[in-house]
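So the chains spell out like this:
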Amino acid sequence: MQLRVRKIKKDDLMIIFEWANDPIVRSQSFNSNLISIEEHSKWFKTKLLDKNTYFYLIFLDSKPIGQTRFDVVDEIATINYSISSEFRGKGIGKDMLRVAIKKFNKECKSHQFIHAMVKSENIASKKIFTNLGFSLIEKYNDSRLLYIIDKQ
């Protein structure tokens, strides 16, 4: 089993669109509305051009299994990820994020922390971030949890 990370390309628009509209992904997002292809295309193009966005596609052998995005603002990188429904529940999320964080830390020298916002009922993400060394630092009234880790 070989995990590989590469930067997102414009040809990845549809796979990211499909994953973004997956019912489980929508339910764990802070905005759970479905995304139109027009909205997604505009957002995707903006992210590809943003020098403060580090957007990766993760592969298991040659099969795409998920995406990870880091948006950097004022030395803080916010992480966002999703896993293809085919690979959820197989214990791969932690390893997927580990390789993406390693690549991100190599490519981006301007951040001091990585933080993740997680819904309190998202048990899988809470477990992944805790197992990766993130610390819970704040709980918001709207059931959001903020996890943070120093630059590794």
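Before any of the text, the structure's been laid out above.
Each value, and the rule that gives it
- Chains are numbered independently. Their residues run from 1 in the order of the written sequence.
- Owing to the predicted nature of the model, reporting of local features is limited to residues with pLDDT of at least 70; listing and counting of side-chain atom pairs is limited to 80 or more, with chain, interface and lining totals taken over all residues.
- Only hydrogens and water are set aside when side-chain values are computed; all heavy atoms of the structure are taken into account.
- The helix count covers DSSP runs of H or I at least four residues long, the strand count covers runs of E at least two residues long, and both are numbered beginning at the N terminus.
- Atoms considered for the radius of gyration are the C-alpha atoms alone. The globule rule reads 2.2 Å times the number of residues to the power 0.38.
- Residue burial is assigned from relative accessible area. The probe radius is 1.4 Å, only protein chains are included, and a residue is buried under 20% of its type maximum, exposed over 50%, and partly exposed in between.
- Strand pairing requires that DSSP identify at least two bridges connecting the strands.
- Only the stretch in contact is used when fitting a helix axis, every axis being a line fitted to C-alpha atoms; angles between N-to-C directions are given from 0 to 180 degrees.
- Each angle is binned into one of four classes, with values under 35 degrees roughly parallel, values over 145 roughly antiparallel, values of 65 to 115 roughly perpendicular, and all other values oblique.
- By the definition used in this description, the sense in which the near helix is turned from the far one sets the handedness, with an anticlockwise turn below a right angle giving left-handed and a clockwise turn giving right-handed.
- Contacts: residue pairs with any heavy atoms within 4.5 Å of one another.
- A helix is expected to reach a length of 1.5 Å times the quantity of its residues less one.
- The arc in question is formed by the directions pointing from the helix axis toward the C-beta atoms.
- In this description, a nonpolar core means a group of buried Ala, Val, Leu, Ile, Met, Phe, Trp, Tyr and Cys residues linked to one another through side-chain atoms lying within 4.5 Å.

A. Here's a closer look at the overall build of the protein. The number of helices and strands found in the protein is five helices and seven strands. When its helices and strands are written in sequence order, the protein yields β-α-α-α-β-β-β-α-β-α-β-β. For the protein, whose C-alpha radius of gyration is 15 Å, the value lies close to the compact-globule estimate of 15 Å for 152 residues. Seen through its C-alpha atoms, the protein measures out along the principal axes to roughly 35 × 35 × 30 Å.

B. Layout of the pairing of strand S2 (residues 53–60). In terms of burial, S2 is a largely internal element, eight of the eight residues being buried. Of the two faces of S2, the one holding Thr53, Phe55, Leu57 and Phe59 and the one holding Tyr54, Tyr56, Ile58 and Leu60 are both buried throughout. Where strand S1 (residues 3–7) lies against S2, five bridges are found, and the strand directions are antiparallel. From the neighbouring strand, arginine 4 faces S2, where its bridge partner is phenylalanine 59. Taken together, the eight bridges between S2 and strand S3 (residues 63–73) define a ladder with antiparallel strand orientation.

C. Spatial organisation of the packing of helix H4 (residues 93–107) against helix H5 (residues 123–131). At a minimum axis separation of 9 Å, H4 and H5 run at an interaxial angle of 50 degrees. Taken together, H4 and H5 sit at an angle that is classed as oblique. In this structure, H4 crosses over H5, and the sense of that crossing is right-handed. Contacts between H4 and H5 involve Gly93, Lys94 and Leu97 on the former and, on the latter, Ile128, Phe129 and Asn131.

D. Broad picture of helix H3 (residues 37–49). For H3, spanning 13 residues, the distance from its first C-alpha to its last is 18 Å, which sits close to the expected 18 Å at 1.5 Å a residue. Along H3, the residues that are buried comprise His40, Phe44 and Lys47. An end-on view of H3 places all buried positions within 65 degrees of arc, on one side of the element. In H3, those exposed residues whose orientation departs by more than 90 degrees from the buried face are Glu38, Lys42, Lys45 and Leu49. Contacts from the buried residues of H3 go to helix H1 (13–20), S2 and S3.

E. Focus on the environment of threonine 68. Structurally, threonine 68 can be placed in strand S3. Residue classification places threonine 68 among the buried residues on the basis of a relative accessible area of 0%. In this structure the C-alpha to C-alpha distance between threonine 68 and isoleucine 128, which are 60 residues apart in sequence, comes to 14 Å. Ignoring any residue separated from it by four or fewer positions in sequence, one finds threonine 68 in contact with Tyr54, Phe55, Tyr56, Ile58, Ile79, Asn80, Tyr81, Met96, Leu97 and Ala100.

F. Highlighting the nonpolar core. Counting residues in hydrophobic clusters, the biggest one holds 29 residues, and the most contacted among them are Phe70, Phe104 and Phe129. Within the residue set of this core, elements represented by two or more residues are S1, S2, S3, strand S4 (76–83), H4, strand S5 (113–119) and H5. Among the elements that make up this core, the one with the highest residue count is H4 (five residues). Filtering out sequence-adjacent residues up to four positions away, phenylalanine 70 remains in contact with Asn52, Thr53, Tyr54, Tyr56, Thr78, Ile79, Ala100, Ile101, Phe104 and Ile114. If you look at the next biggest cluster of nonpolar residues, it comprises eight residues, including Ile8, Leu13, Trp19 and Phe55.

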